[in-house]
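# Remarks on the overall topology
One-letter residues, chain by chain:
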Amino acid sequence: MFSLLNNFREAGVRCCVVGGGPGGMVLTHLLARAGVEVTLLEAHQDFDREFRGDSLHPATLELMDTLGLAEDLLALEHFKASHFRFHTPRGSFTTTDYNRLDTKFPYVALMPQARFLDFLAERTRDLPGARIITGAKVVELLRDGERITGVRYGDQESRADLVIASDGRFSRMRRLADLPVTSLGASSDLLWFLLPRRPETDPPEADVDLYFGSDHYVGLLGRPTQWQIGYTLPKGGYAAARQAGVEPIRRFLREHVSWLADRADLLTDFAQTTLLSVEIARAPRWHRPGLLMIGDAAHVISPVGGNGILMAIQDAVVAANELIPLLRKGLPLPEEALARVQRLREPAIVQVQDQQVRVERRIAANIAAGRPLAPGGVFRLLASLPAFRRRAALANAYGPGRPSLDPALITS
């Protein structure tokens, strides 16, 4: 059954957003704040899916502050991560220090994504001309010749002057629009699971950490009461790992994350884990007449660096800056306007993905050669410099290009 969040005219909308992830939800909010009629369609009944990205970077928090939402958002339970650390066979070192940034928010707020999305949906539902429909699985694109004019979900239609595809890495919209991605290569997958956090005994400096072994590494993300842990597998290695059971994972934690040894045995079954198939991919073209893809629908970001949410939200910001002035005029959007969004965003996406591909290749080469999964000496030397840690924090906090919202869009 469809959940209608507020009253809305039935004849059609200026914009239909398909997919209620961070990019789609933020863009829906920005469109509605700017007075553009918009419908968001989310295939699931709610936003509560485990092991989605939790990272709200300083750039995202500053956007929320611009919108007057940061204080209420950060009143929700979250975990402040101020550093990014590597723990290797050659020692531990800090690579990123957000405390060195000149910002009101010198940290990454780790918050379950469902809470962030629920928060934005709550703030969006009362805006004039906005509605959110859950349980709305799109099955068909509506067309007038070459132009996409809306979507069909179930036995309903939503006609729109512009359709935004923001339905994630396995985008159905991308397939319906025949805008395939090109794989750029990934050598590993991630097995996610949760263990309890014990603030009284856990290292006080632990927040976002990587622990390297000889042929695996784990990433830890802090939550107020839990650790979200990602254990690497060779690409396609899930079946073999499942057959081996959870003991190799528990053994890795005991050997390489010793302070978790007292709770490693709480991982008792593979049913407690979730496989994330790591992918790095990009669509050569993000648009058709009447349709624009953003976020993972257009470019699949790997978990390396936790950039996926930030990249999707920055796509939404650029799309808002470019498209809202045209949508307000009430005229059909030229495809050139959609192509301009891709031109503005693609260099940043290419830069992030190229870096992720380099990391993947380096890890694969080390495993093939039997070398420890550890950064080299030059990198370790650079990471000892405060200026390097600040530069790394700046790059991760804001991403390449650092787009910002045109304040006129929400004040006029």
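Overview of the structure.

Rules of the game
Residues numbered from 1 in each chain as written. Predicted model: local features only at pLDDT ≥ 70, side-chain atom pairs only at ≥ 80, totals over all residues. Heavy atoms only, no water. Helix = DSSP H or I, 4+ residues; strand = E, 2+ residues; numbered from the N terminus. Rg over C-alpha atoms; globule rule 2.2 N^0.38 Å. Contact = heavy atoms within 4.5 Å. Areas by Shrake-Rupley, 256 points an atom, 1.4 Å probe, with all protein chains shown as cover. Lys, Arg positive; Asp, Glu negative; His and termini not counted. Charge placed at Lys NZ, Arg CZ, Asp CG, Glu CD. Salt bridge = Lys/Arg side-chain N within 4 Å of Asp/Glu carboxyl O. Buried < 20%, exposed > 50% of the residue type's maximum accessible area, 1.4 Å probe, protein only. Phe/Tyr/Trp six-rings, centres within 6.5 Å; stacked < 30°, edge-to-face > 60°. Lys NZ or Arg CZ within 6 Å of the ring centre and 35° of its normal. Core = buried A, V, L, I, M, F, W, Y, C linked by side-chain atoms within 4.5 Å. Pairing = 2+ DSSP bridges. Axes fitted to C-alpha atoms, helices over the stretch in contact; angles between N-to-C directions.

## Quick notes on the overall build of the protein chain
Helices and strands together make up the secondary structure of the protein chain, namely 12 helices and 22 strands. For a compact globule of 412 residues, the expected C-alpha radius of gyration is about 22 Å, and the protein chain comes in at 22 Å, within 12% of that figure. Across its three principal axes, the protein chain shows a C-alpha extent of roughly 60 × 45 × 35 Å. In the protein chain, 75% of the contacts between residues at least 6 apart in sequence involve partners at least 24 apart. When the accessible surface of the protein chain is split by element, carbon and sulfur atoms take 52% of a total near 17600 Å². Here the protein chain carries 49 positive and 47 negative side-chain charges, and the mean point of each set is 4 Å from the other.

## Observations regarding the pattern of salt bridges
Scanning the model with the defined rule gives 24 salt bridges in all. The salt bridge partner of Asp189 is Lys235, with a shortest N-O separation of 2.7 Å. Pair noted here: Asp189 is in strand β14 (residues 188-196) and Lys235 is in the loop between β17 (226-234) and α6 (238-244), with a separation of 46 residues, a long-range link. A salt bridge links Glu336 to Arg343, with the nearest nitrogen and oxygen atoms 2.5 Å apart. Among the charged side chains, a network of salt bridges with common partners joins Glu140, Arg152, Glu157 and Arg159.

## Section: unusual backbone geometry
Backbone geometry places Asp178, a non-glycine residue, at a positive phi of 55°. As for its position among the elements, Asp178 is in the loop between α5 (172-176) and β13 (182-183). Given the relative accessible area of 52%, Asp178 is considered exposed.

## Examining the packing of aromatic side chains
What the rule picks out here adds up to nine aromatic pairs. With a centroid separation of 5.4 Å and 65° between ring planes, the pair formed by Trp227 and Trp259 is classed as edge-to-face. You can see Trp227 sitting in strand β17 and its partner Trp259 sitting in the loop between α7 (247-256) and β18 (274-276), a full 32 residues away along the chain. We note that Trp227, like Trp259, is buried. Judged by centre distance (5.8 Å) and plane angle (65°), the rings of Tyr238 and Phe270 are edge-to-face. Highlighted residues: Tyr238 in helix α6 and Phe270 in the loop between α7 and β18, separated in sequence by 32 residues. Under the relative-accessibility criterion, Phe270 is labelled buried at 6%. In textbook terms, an aromatic cluster arises when at least three aromatic residues are bridged by ring pairs, as seen for Phe84, Phe86, Phe93, Phe212 and Tyr217. Here Lys80 stacks its cationic end above the ring of Tyr107, 5.1 Å away from the centre of that ring. The positively charged end of Arg402 is found above the aromatic ring belonging to Tyr398, 3.6 Å away from the centroid.

## Regarding helix α2 (residues 58-66)
Those residues of α2 that sit buried are Pro58, Ala59, Thr60, Leu61, Leu63 and Met64. In the stretch just after α2, Gly68 is the one whose phi turns positive, near 75°.

## Some points on the nonpolar core
Phe116, Val151 and Leu323 are the most contacted members of the largest nonpolar core, which has 99 residues in total. Sort the elements by how many residues they give to this core and helix α8 (residues 308-328) lands first, with 12 residues. Non-local contacts of Phe116, meaning those with residues more than four positions away in its chain, are made with Pro22, Val26, Leu56, Thr60, Met64, Leu73, Met111 and Ile313. Formed by 22 residues, the second largest nonpolar core is a distinct cluster that contains Leu191, Leu220, Leu233 and Leu260.

## Overview of the sheet that holds strand β22 (residues 299-300)
Read from one edge of the open sheet, three strands run β13-β19-β22, paired in antiparallel fashion. The open sheet has two edge strands, β13 and β22, and neither has a second partner. Sheet topology places β13 next to strand β19 (residues 281-282); two bridges connect them, and they run antiparallel. Note that in β19 the partner of Ser183 across the bridge is Ala281.

## Things to note about the sheet that holds strand β15 (residues 208-212)
Strand order in the open sheet formed by seven strands is β7-β6-β15-β16-β17-β14-β18, with mixed pairing between adjacent strands. Each having just a single partner strand, β7 (91-97) and β18 make up the two edges of the open sheet. Along the sheet, successive strands turn relative to each other by an average axial angle of 20°, direction set aside. Relative to β18, β14 runs antiparallel, the two being bridged by three bridges. Opposite Leu190, over in β18, you have Leu276 as the bridge partner.

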